[in-house]
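Structural characterization, general
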Amino acid sequence: MVDTSNHTPLSWEEIKNNLDGVKKQGIRQFIYQYKKHKDRRNDPLYWGDEIEYMIVKIDDEEKTTKLCLKAKDILETLNKRNIGNRIPIWTPEFGAYMVESIPERPYSDLLSSISEVELSMKERRKELTSVLEVDEIPFTLPSYPRLGVGYFAVPSTELNPNNVTSKSWFSPDDVIYKGRQRTTSIHQNIKDRKGGKIEILIPVYQDIKTKSAFPAVIKTKCKMEQSYDNSIHMEGLVFGAGCCGLQTTFQMDNLDEARFLYDQLVNICPIMLALSAASPVHRGYLSDIDTRWPVLSQSFDDRTDEEKGQKPLKNDRFRIQKSRWSSVETYICPEHSQYNNTDIVYDKDSYEELKNEGLDEALSKHIAYLFIRDPLFLCSETLDQDEILDIQHLENINSTNWQTLRLKLPICNTSTGWRVEFRPMEIQLSDFENAAYAVFVFLVTRIVIAYRLNFVIPLSKVDENMSAASKRDAVLEEKFYFRKNSLPDKSITEIKITKPGQLKTKDGDDFCQMTIDEIINGNVEFPGLIPLIKTYLESKCEETDDETNCLINSYLKLISDRASGAEPTTANFIRNFVTTHPYYQQDSIVSDIINYELLKACAKKSNG
């Protein structure tokens, strides 16, 4: 992306006046890049991770914790350092208490490179820790449990509903990172576009003494007309964008491979969301969900009442079913189009232009769907762009469609090719856990490509899986639609499944509901992702040594145990810690002292 730090951001009204030209330029930019790179071949399989940290100050004397609003100073210090050949890349995030890191170099497709993943994560955590005070800890935790409760940050910030950006009763503007114009502009433009505050409602966990999670005094001050009883009410983008995540990105050999992998990962997304669940507490309350995904979805929902179907279409063009932050809306390979059984809305003009330029229907609809969204950040200096030299209008659209997966174009004038970004996972407390999840997804991509596996099911069922994935204890209590006959049309013995006697399917009976345990570890109808991975690893034994094999097996064991319930998810650990704490009053409230001791326990787990 172009450096816009010295540019002049446009207000939403100014953006509206330039939408047609910006979108037309964006589509032309995609067409040019597509034609330039559609036949690109033989890019190496590189992959990498992105880890987001929150900085927390722990006061052992007062037994309190606060978010530490010093990300800007931390990043300035980190980016001045040179630690030899391995220099992690540090970047700002939405919160003034957050930083993000990626490895300086990507990992390769060789299984031996797996040993680099956890090592890199440990080095990054160590480097970040080295620039913090003794009482400051970098947590890899999706959501800070008491974000929005009282004075939850240092330096102390004053709650003020007249905040310029957020207008929030719960979270002051000071917790937003001030070093990037894009951050505050997106926040403001979401509110202006939708015509009101960013409001989030999450079901509260109903314990014996749980009362309304939205105090009446706040209702009165906010002049709310509807009741938010039994819900955790949050205002402002920070409650979603201020969460931390773990993402992985995979560069493929060519565009066709990237599209194939994208489609096969669509239904892996809800499975990994449930399996990585790690955020049951929001704004100081135990919720009835286990992930941050519903919070993010509501945070980034900039749809107007017309687009939501609450008013007749008059000023807007589309009825849009989902938030910007959502599961994918369409498969992008032509052979999977029959599974696009939801009512996809797409920009007809963009679609026709893409088709006329030679793109197939599936990819044309994918891009045309992205372009029903408006850009949320534009600068006056970059309004007029060249379709050959620039891609910023295209990237402003693509990068603000926050779906579970993202198809990423080659980067101009670099060796970076077609990539697929895997986005749904919750970050875990320790580097070992984060490495295990990242490596597991990497190995899933390897078996998908090696065995040409087919995980495609109707998108309506994927949407049902996404709804189930965030529910409390979904990993053990929910069932998910998954394809039974995922293997290619060849004899099962050619793949040497570690559990014989699988795939007892009927003709046309492609998918059924399974538990996460069955999807990961196998059952009589599906061999299981881990048995398939182990078969693949056996075929590649020359690429690894005993130490690497041991490491991989330890990662697979964690994933297997999380799926079976032998090892609790992070969400289960946090929920259990709160509900069994001696100060817990069975009222769903996570008090200061409970939060302090919870984070102390999380810090121990973070250190292995």
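Notes on the structure in this doc start here. (Residues numbered from 1 in each chain as written. Predicted model: local features only at pLDDT ≥ 70, side-chain atom pairs only at ≥ 80, totals over all residues. Heavy atoms only, no water.)

**What to know about the packing of helix α15 (residues 431-451) against helix α20 (residues 546-564)**
Let me state the cut-off plainly: To obtain each axis, a line is fitted to C-alpha atoms, and for helices this fit is confined to the stretch in contact; angles are then taken between N-to-C directions over 0 to 180 degrees. The helix and strand labels rest on DSSP assignments: H or I over at least four residues marks a helix, E over at least two residues marks a strand, and numbering proceeds from the N terminus. Working rule for angles: under 35 degrees goes down as roughly parallel, over 145 as roughly antiparallel, 65 to 115 as roughly perpendicular, anything else as oblique. The criterion used for residue contact is that any of the two residues' heavy atoms lie within 4.5 Å. Three classes are used: nonpolar for Ala, Val, Leu, Ile, Met, Phe, Trp, Tyr, Cys and Pro, charged for Asp, Glu, Lys and Arg, and polar for all others, with Gly counted as polar.
Closest axis-to-axis distance for the α15/α20 pair is 9 Å, and the angle between their directions is 90°. It follows from the interaxial angle that α15 and α20 lie roughly perpendicular. The residues of α20 that touch α15, namely those facing Phe432, Glu433, Ala435, Ala436, Tyr437, Val439, Phe440 and Leu443, are Ile552, Ser554, Tyr555, Leu556, Leu558, Ile559 and Arg562. Within the contact of α15 with α20, the residues separate by chemical class into 12 nonpolar, 1 polar and 2 charged.

**A look at the pairing of strand β7 (residues 199-203)**
Applicable threshold: A 1.4 Å probe rolled over the protein chains alone gives each residue an accessible area, and that area as a share of the maximum for its type sets the label: buried under 20%, exposed over 50%, partly exposed in between. Only strands that DSSP links by at least two bridges are regarded as paired with each other.
Only one face of β7 is covered, namely the face carrying Ile200 and Ile202; the face carrying Glu199, Leu201 and Pro203 is uncovered. As defined by bridge partners, β7 adjoins strand β8 (residues 231-235) across 5 bridges and the pair is classed as antiparallel. Residue pairing for β8: Ile202 is matched across the bridge by Ile232.

**Focus: the environment of His393**
Definition in use: As used in this structure description, the phrase polar contact means that two N or O atoms lie within 3.5 Å; if the pair is within protein, one of them must be able to donate a hydrogen and the other to accept it, and residues adjacent in sequence are counted only when both atoms belong to side chains.
Relative to the assigned elements, His393 resides in helix α14 (residues 392-398). For the pair His393 and Phe30, spaced 363 residues apart in sequence, the C-alpha to C-alpha distance is 9.4 Å. Discounting chain neighbours no more than four positions away, the residues touching His393 are Val22, Gln25, Gly26, Gln29, Leu378, Thr382, Leu383 and Gln385. At 2.7 Å, the side chain of His393 and the backbone oxygen of Leu383 are in polar contact.

**Let's talk about helix α9 (residues 268-275)**
By the criterion of burial, α9 is predominantly enclosed, with 8 of the 8 residues buried. Within α9 the residues assigned to the buried category are Ile268, Cys269, Pro270, Ile271, Met272, Leu273, Ala274 and Leu275.

**Here we look at the pattern of salt bridges**
For the record, the criterion: Note on definitions: salt bridges are taken to be side-chain nitrogens of Lys or Arg within 4 Å of carboxyl oxygens of Asp or Glu.
The final tally for this structure, using the stated rule, is 42 salt bridges. Between Glu433 and Arg562 there is a salt bridge, with the nearest N and O atoms lying 2.5 Å from each other. Within this pair, whereas Glu433 is found in helix α15, its partner Arg562 is found in helix α20, the two being separated by 129 residues in sequence. Looking at Glu433, the relative accessible area reads 6%, which means it is buried. When its relative accessible area of 2% is taken as the criterion, Arg562 is described as buried. Counted as one network, the salt bridges with shared partners bring together Lys23, Arg193, Asp302, Glu307, Arg324 and Asp374.

**A short note on the packing of aromatic side chains**
The description of two aromatic rings rests on the distance between their centres and on the angle between their planes. To keep things clear, this is the line we draw: Whether two aromatic rings pair depends on their centres lying within 6.5 Å, for rings of Phe, Tyr and Trp, where Trp uses its six-membered ring; planes under 30 degrees apart make the pair stacked, over 60 edge-to-face, and the rest tilted. Either the NZ atom of lysine or the CZ atom of arginine qualifies as a charge over a ring when it sits within 6 Å of the ring centre and within 35 degrees of the ring normal.
Following the criterion strictly, the structure yields 16 aromatic pairs and no others. Relative to Tyr536, the ring of Tyr451 lies with its centre 6.4 Å away and its plane at 85°, an arrangement referred to as edge-to-face. Highlighted residues: Tyr451 in helix α15 and Tyr536 in helix α19 (residues 529-539), separated in sequence by 85 residues. Judged by its relative accessible area of 13%, Tyr451 is buried. With a centroid separation of 6.0 Å and 75° between ring planes, the pair formed by Tyr481 and Phe511 is classed as edge-to-face. Of this pair, Tyr481 sits in strand β14 (residues 480-483) while Phe511 sits in strand β15 (residues 511-514), and the two are 30 residues apart along the sequence. Judged by relative accessible area, which is 25%, Phe511 ranks as partly exposed. Here the aromatic residues Trp47, Tyr107, Phe250 and Phe442 are joined through ring pairs into a cluster of three or more. Over the face of the ring belonging to Tyr346 we find Lys348, whose NZ or CZ atom lies 4.5 Å from the ring centre. Over the ring of Phe573 we find Lys605, and its NZ or CZ is 4.7 Å from the ring centre.

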